[in-house]
Each structure stands twice: as structure tokens, then as C-alpha cells.
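# Structural overview
Single-letter residue listing:
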Amino acid sequence: MTEMPSVRVEGASFSYPGGKAGVFDITIDIAPGELVVCIGPSGCGKTTLLKLITGLLPCSAGRVWLGGEDVTTASVRSRQCGIVFQSYALFPHMSVWENVAYPLRVRAVDRTERRRQAEAMLDTVGLRGYSERLPAALSGGQQQRVALARALVFKPRTLLLDEPLSALDAATRISMRDEIRRIQKQQNIASLLITHDRDEALSLADRVAVLRDGRLVQIAPPQELYDRPADAFVASFIGRTNLIDGRVVAPDAVDTAIGRIVTPAHAMPMGAAVRLLVRPERIEPSSTETGENVFAATVVHDRFFGASREIELSVGQGMLKIDTTVRGTIAHVHLPRQAVQFLPTH
Amino acid sequence: MIPRWITVAYFLYLASPIALLFIGSFGDLWLNSLLPTGITVKWYLDVAADPNFRRAFMASLFVAVMTSVACVAIGLPLAYAVFRTQSQRVRAAARVLYQLPVAMPALVLAFGFILVFSSDTLPWLGSIWLLVAGHIVLWLPYFLQTVVADMQRLGLRVLEDAAETLGSTPLQRFFHIVLPALRLSVLSGLIIVVALSIGEFQFSNLIAGFLNRTYPVVLLQAFYGATGFACAATVILLTLALIASFTGAFVARGAARLSVAGDER
């Protein structure tokens with residue numbers, strides 16, 4: 001591994017004919033061993049970004065580096081990207097080990113050696129003893145592992161995963177998620193994983209990149225992304241939110257439909273329109289009826305999930321969502337001052 | 001209960017002519033009675049010994065094989081081009097081609113051939129190659145349809161992309177991925193072509209020269225003669241068709257088994 005980031009995308013753009021979709025001016029670095037998860041709604045350009053790195057699509061502007069080498073105009077096959085496709089793209093007529101050994105076969109590694117390496121990699125992904133089967137005889141999770149082994153066996157410069165878990169059932173998905181993380185760390189390879197699932201993004205990533213309409217909105221470690229989202233879109237895409245519009249009335253207070261909310265000190269001018277973000281789990285049911293940011297509330301909707309409850313409340317002229325473990329009736333809620341954040345208004 | 005009776009009635013309606021043909025082919029004497037009397041295989045031996053039938057059988061086989069060869073040589077690259085194209089115009093052209101056998105019956109094609117190839121400039125009417133050419137026009141669309149559909153079902157595009165990112169050259173992709181992945185599709189396409197070609201009557205009847213009449217054309221003549229003989233000759237054709245359709249079903253099942261569950265979403 002070099003000191004350079006293993007993957008560097010700088011100002012990469014691509015637009016599809018018709019100009020409505022594509023990606024614009026994307027810059028991302030991925031360090032050796034780092035896993036960046038790219039998340040966004042469908043059609044936001046996630047897969048396009050992946051194709052620009054692999055060379056399956058050409059950049060119309062910007063550059064791509066892999067392992068310190070500028071590959072912007074390099075051919076797909078010379079880029080050495082290991083890719084796990086959404087549909088796995090296993091070769092249906094080849095056995096499991098032949099699939100895994102294929103990248104070695106086209107590199108003219110002799111048969112015994114490539115069989116040995118393929119078996120070793122199958123061991124790594126937990127598929128010992130499946131070598132002779134055909135892909136169609138495997139479950140979705142097993143096919144996924146074969147695809148992963150095939151993508152890693154030739155020691156690629158980067159591992160790219162295009163919605164690798166979307167075709168799996170819920171139970172397999174969670175165990176595969178941990179498996180991918182384990183193998184990725186063990187191989188210590190710079191990786192980019194595409195998903196539209198926020199749990200997947202937050203739990204897997206070293207850093208999460210949020211894409212919207214082909215643009216990179218924010219890239220940050222999961223916790224930072226959740227706690228300090230760049231805007232309302234990121235905030236609501238990455239978790240549940242209360243977005244409250246209001247008007248500044250004091251250096252630490254905002255008037256909203258809910259009532260006057262005391263906020264951390266801010267530098268906004270008086271009368272400015274602002275948008276506040278409060279995460280539902282930060283709002284507490286209150287046993288006292290008065291106090292700073294304590295509001296009378298009426299339960300509108302109460303969903304019980306065992307460990308927690310998601311409750312919608314009517315507060316003043318507005319609505320609040322809260323997540324709480326508290327049982328029993330709720331008549332007042334408390335918004336801790338530190339839980340209130342300002343978001344840019346668009 | 002009523003749907004079951006309908007099914008049974010329909011099956012009887014379908015099967016009874018075939019059953020009668022079968023019975024007739026082994027019947028010794030069949031005159032003005034519901035069923036023939038006596039059992040014999042002489043009709044089959046007669047058919048096998050008949051030089052007209054032997055020649056017709058070979059002609060049919062020749063036409064079927066040559067049509068198959070042409071389907072692979074022309075149809076496979078064409079199918080690949082249709083599959084890979086981004087152009088709406090090519091896709092539209094392919095759709096027209098698929099509909100061609102429906103839009104243009106064999107009869108129309110035959111009249112066209114007669115008009116063009118009975119002229120002094122192109123005096124090829126009666127040549128077996130003209131028969132082959134006609135069969136190619138008739139059956140290529142079926143071959144294309146089968147193969148293109150399988151390319152889509154297999155997700156050949158993504159398989160090629162995968163192979164490319166894994167480091168293969170275009171030539172390696174063709175021989176390692178495209179050809180082997182499609183071998184069953186090509187086979188099932190060819191079985192359809194052979195089955196259709198062997199049973200074809202309309203076009204061949206009008207175009208074939210006297211010495212290269214195909215099996216179904218000669219078969220028609222047989223019905224002016226002994227019933228048992230005609231039945232035996234028909235059963236032979238029927239057996240060929242059944243073999244083709246069973247092989248086809250078998251190959252299709254194999255192809256379906258190969259397709260990876262992940263592609264079915």
C-alpha cells in the first residue's frame with residue numbers, strides 16, 4: 001500500500017444522454033483499508049459513480065486515481081477493480097472455484113496454482129467444500145460470498161460493492177453485512193459500498209458519502225453524519241427527524257409552531273427564518289409541567305415496538321415525533337437545549 | 001369439475017387423430033371400418049424402401065441442417081448485435097423481424113420466390129439451395145427470438161462487464177463467457193428451427209424441384225395410395241417432431257437450471 005489514498009476521485013462528472021441523470025463534480029478519497037459507504041435515493045448516481053471508478057463509464061470531466069496511478073483514460077481491464085455486482089454476475093456455466101479462479105485464468109496463472117488460490121479465498125469467505133458446485137445450486141448468501149471471493153482473489157486495488165445485500169432476505173442480510181466488514185478489514189482493502197439502506201450505511205462504514213441528484217452532499221463518519229448533518233435532506237435520509245421551521249426572536253430562542261424553543265447560543269440575526277433539527281430519541285417525556293423547553297403534548301399516534309415506542313404528538317400548533325423507552329401516558333415533553341440544531345434553510 | 005372435462009375433451013380431440021394414425025400405420029387392412037384389421041410392420045418397411053421417401057427424407061435433413069448452420073452463422077452475431085444495441089432504430093427493426101413470420105405467411109414468401117427466381121437473370125427455381133434460403137428467411141426470426149431472450153434472462157451484459165473488470169480481453173470474454181453461457185440457448189433455438197423446418201409444407205411444396213421435394217411434400221402424395229403406408233410415413237414425421245420437442249423441453253429445463261437465482265429479481 002502506498003501513502004496515497006488507494007482511490008481518489010476528483011471532480012468526476014458524467015451525464016447520460018438527455019442530461020437529466022448523472023453525477024456532477026464528485027470528489028472522494030478512500031484510504032487503504034477504509035470502507036466508504038455511498039448512500040442516496042434511487043437515481044442519485046451511486047451506481048454511476050461506481051462505474052466511473054471501474055471505467056465501465058468514461059468521466060466527462062474530472063480524474064480517477066487508483067493506487068496512486070491516474071487511470072482516468074485507462075481500460076476497464078487494466079484498472080484492477082474487484083467488483084461485487086448487485087446481481088452477483090456469477091458465470092452460470094462455471095463451478096464455484098472456476099468462477100473464483102477466473103481473474104487468475106485470464107492472467108495466465110497455471111491451473112494448479114489458481115485452484116489453490118481460489119480454494120484459499122473460498123476458505124476466507126467461509127465456503128470451504130463448495131468448490132465443485134454450480135452457482136445456481138447455491139443460496140443467495142452463498143452466491144454473494146462467491147462473488148466476493150472472485151472480486152478479491154486477484155488482489156485488486158479496490159473493492160467495489162454495488163448494493164451487495166439488496167437481493168438477500170432480512171436475516172441473511174445482517175449476517176452478510178458483518179461478513180463483508182470482517183473480510184474487508186482482513187484484506188485491508190480500500191472499499192466503496194453502494195446502498196440505499198441507512199442501517200447498512202451507518203453500521204458498516206468508516207465514512208458515509210451521501211449523494212443526491214448526482215451531487216455529493218456530505219461525506220463524514222457515521223456518527224458525525226448523524227449528529228451534524230449538513231442539511232435537512234441528509235438529516236432525514238440518515239435517520240428520523242423533527243424538522244421545525246421558525247423565526248429567531250432572541251440570541252438563544254426561536255419561535256415555532258410548537259412554541260418558543262430555547263436553543264444553544266447562535267449568531268443569527270433577529271427575525272431570520274431558520275430550520276431546527278431535533279432527533280426523536282433526544283426528546284424526553286417530562287414529569288414536570290413547566291420548565292425550559294417543556295411543552296404540553298397530546299398523543300396522536302403510538303407505535304409499540306417492544307423495546308421502544310415511536311410516538312407522534314400534537315404540540316402547540318405543530319407535531320413532534322419522539323422515540324422513547326418510557327411506558328405509560330405522556331402529557332408533557334422536554335427538548336433539551338443541546339438537542340436543538342440549526343440547519344441551513346434552502 | 002367442468003374445467004377438467006373440458007381438458008379431457010380437448011386432449012381427446014388432440015390425441016385421437018394421432019392415435020388413429022398410429023393404429024393405421026400398424027394395421028394390415030383398413031377398409032370402411034372404424035378400426036383396421038391385422039397387425040403388421042410392412043408399411044414402415046415399404047416407406048423405408050421407397051426411393052422417393054428416402055430421397056425426400058435426405059432432402060429434408062439437408063435443408064434442416066443447412067438452415068441450422070446458417071442460423072448459427074448469421075443469427076448468433078445478429079442476436080448479439082440486437083442484444084447489445086443502444087439504438088432504438090435497431091430494436092424496432094428487430095421487432096419487425098420477429099413479427100415477420102406472422103406478417104408474411106410462407107405462401108406469400110413462396111410466390112415472391114417464384115416471381116423472382118423464375119426469371120432469366122436468376123433462374124434458380126428448383127435448386128435445393130433456394131429451398132434452404134427460404135427456410136432461413138422463415139426460421140431465423142424464431143432462432144433470434146430464443147437466443148436474444150436467453151441473453152436477457154442470463155444477464156449476459158453484466159456477465160461481460162464482470163469478466164471485463166476481472167481482466168479479460170474481448171476475445172477471452174467471447175470464448176470463456178458468451179459462447180459457453182449461450183450453448184444451451186443456441187441448442188434450443190436450433191431444435192425449434194429443425195422441428196419447424198422438417199415439418200414445413202406450404203413453402204417447400206411450391207418451391208422444391210421434383211428431385212429435392214422435402215418429406216412433408218412427398219407425404220401428401222402418399223395419401224392418394226394405401227392408407228397404412230400413408231399412416232406409417234406420417235408417424236415417422238410425427239416421431240421426428242416429438243423427439244425435437246422433447247429434446248427442446250429437456251434443453252430448456254437445463255438452461256433454466258443454469259440461470260442463477262440472483263438474476264430472477
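Residues numbered from 1 in each chain as written. Chains lettered and ligands numbered in written order. Predicted model: local features only at pLDDT ≥ 70, side-chain atom pairs only at ≥ 80, totals over all residues. Heavy atoms only, no water.

Further remarks concern the overall build of chain B. Along the backbone of chain B there are 11 helices and 2 strands. Listing every helix and strand of chain B by position from the N terminus yields α-β-β-α-α-α-α-α-α-α-α-α-α. Dimensions of chain B, computed from C-alpha atoms along their principal axes, come out at roughly 70 × 65 × 35 Å. Among the 265 residues that make up chain B, the fraction classed as buried is 42%. Considering only residue pairs separated by 6 or more positions, chain B has 71% of its internal contacts joining residues 24 or more positions apart. Accessible surface computed for chain B: about 14,500 Å², of which carbon and sulfur atoms make up 72%. (Helix = DSSP H or I, 4+ residues; strand = E, 2+ residues; numbered from the N terminus. Buried < 20%, exposed > 50% of the residue type's maximum accessible area, 1.4 Å probe, protein only. Contact = heavy atoms within 4.5 Å. Areas by Shrake-Rupley, 256 points an atom, 1.4 Å probe, with all protein chains shown as cover.)

With that settled, consider the domain arrangement of chain A. All names here are of chain A. Per the domain assignment, the segments of chain A are domain 1 (7-236) and domain 2 (241-343). Taken together, the 8 residues of domain 1 in the interface contact 8 residues of domain 2. Counting the surface lost from both domain 1 and domain 2, the interface buries some 630 Å², and carbon and sulfur atoms represent 52% of this. Among the residues of domain 1 in contact with domain 2, Tyr226, Ala232 and Ala235 are the three that bury the most area, contributing 65% of the side total. Linking domain 1 with domain 2 are 0 salt bridges, by the criterion used here. Broken down by secondary-structure element, the contributors of at least two residues to the side of domain 1 that touches domain 2 are helix 8 (222-227) and helix 9 (232-238). Looking at the side of domain 1 that touches domain 2 residue by residue, the class counts come to 4 nonpolar, 1 polar and 3 charged. (Domains from an automatic or database assignment. Buried area = accessible area lost by both parts, 1.4 Å probe. Salt bridge = Lys/Arg side-chain N within 4 Å of Asp/Glu carboxyl O. Nonpolar A, V, L, I, M, F, W, Y, C, P; charged D, E, K, R; others polar.)

Moving on, we come to the pairing of strand 11 (residues 242-250) of chain A. Residue and element names in this part refer to chain A. Taken together, the 6 bridges between strand 11 and strand 14 (residues 273-278) define a ladder with antiparallel strand orientation. When the bridges of strand 14 are listed, Asn242 appears paired with Val278. Pairing of strand 11 with strand 12 (residues 253-256) involves 4 bridges; the strand directions are antiparallel. Each residue of the ladder has a partner; that of Ala250, found in strand 12, is Ala253. (Pairing = 2+ DSSP bridges.)

Residues and elements named next belong to chain A. Across the sheet, 4 strands lie side by side as 2-1-4-5; this open sheet has antiparallel pairing. If you trace the sheet from one side to the other, it starts and ends with strand 2 (22-30) and strand 5 (69-70), each paired once. Sheet analysis places strand 4 (residues 61-66) next to strand 5, joined by 2 bridges and oriented antiparallel. Of the residues in strand 5, the one forming a bridge with Trp65 is Asp70. With respect to the sheet, helix 1 (residues 46-54) is in contact with strand 1 (7-15), strand 2 and strand 4, its orientation differing from that of strand 1 by roughly 115°. (Axes fitted to C-alpha atoms, helices over the stretch in contact; angles between N-to-C directions.)

Moving on, we come to helix 5 (residues 140-152) of chain A. Residues and elements named next belong to chain A. Its 13 residues place the ends of helix 5 19 Å apart at the C-alpha level, agreeing with the 18 Å of an ideal helix rising 1.5 Å per residue. Of all 13 residues making up helix 5, 12 are buried, and the element is well covered by its neighbours. For helix 5, the complete set of buried residues consists of Gly141, Gln142, Gln143, Gln144, Arg145, Val146, Ala147, Leu148, Ala149, Arg150, Ala151 and Leu152. (Expected span 1.5 Å × (residues − 1).)

Once that is clear, we can look at unusual backbone geometry. Residue and element names in this part refer to chain A. For Tyr88, which is not a glycine, the phi torsion comes out positive at approximately 70°. Following the sequence through the fold, Tyr88 ends up in the loop between strand 6 (81-84) and helix 3 (96-105). A positive phi angle, close to 55°, is found at Asn293, a residue other than glycine. Assessed through its relative accessible area of 4%, Asn293 is described here as buried.

Moving on to the interface of chain A and chain B. The partner chain B presents 27 residues to the 26 residues of chain A that form the contact. Where chain A abuts chain B, roughly 2,400 Å² becomes buried across the two surfaces, and 67% of that area is made up of carbon and sulfur atoms. When residues of chain A are sorted by the area they lose upon contact with chain B, Arg77(A), Pro92(A) and His93(A) head the list and together hold 26% of the total. Linking chain A to chain B there are 0 salt bridges. Where chain A touches chain B, the interface holds 6 residue pairs in polar contact (both at pLDDT 80 or more). Mapped by element, the contributors of at least two residues to the side of chain A that touches chain B are helix 2 (76-79), strand 6, helix 3 and helix 5 of chain A. The greatest single-element share of the side of chain A that touches chain B, amounting to 3 residues, is contributed by helix 3 of chain A. Of the residues that constitute the side of chain A that touches chain B, the class distribution is 18 nonpolar, 4 polar and 4 charged. (Polar contact = N/O pair within 3.5 Å; in protein donor to acceptor, adjacent residues only side chain to side chain.)

Two descriptors summarise a pair of aromatic rings, namely the distance from one centre to the other and the angle between the planes of the rings. All names here are of chain B. Per the stated rule, a full pass over the model turns up 14 aromatic pairs over all chains. Relative to Phe203, the ring of Phe113 lies with its centre 5.4 Å away and its plane at 80°, an arrangement referred to as edge-to-face. Of the two residues, Phe113 is situated in helix 5 (residues 106-117) and Phe203 in helix 9 (residues 202-207); the sequence distance between them amounts to 90 residues. Taken as a pair, Phe113 and Phe203 share a single burial class, namely buried. (Phe/Tyr/Trp six-rings, centres within 6.5 Å; stacked < 30°, edge-to-face > 60°.)

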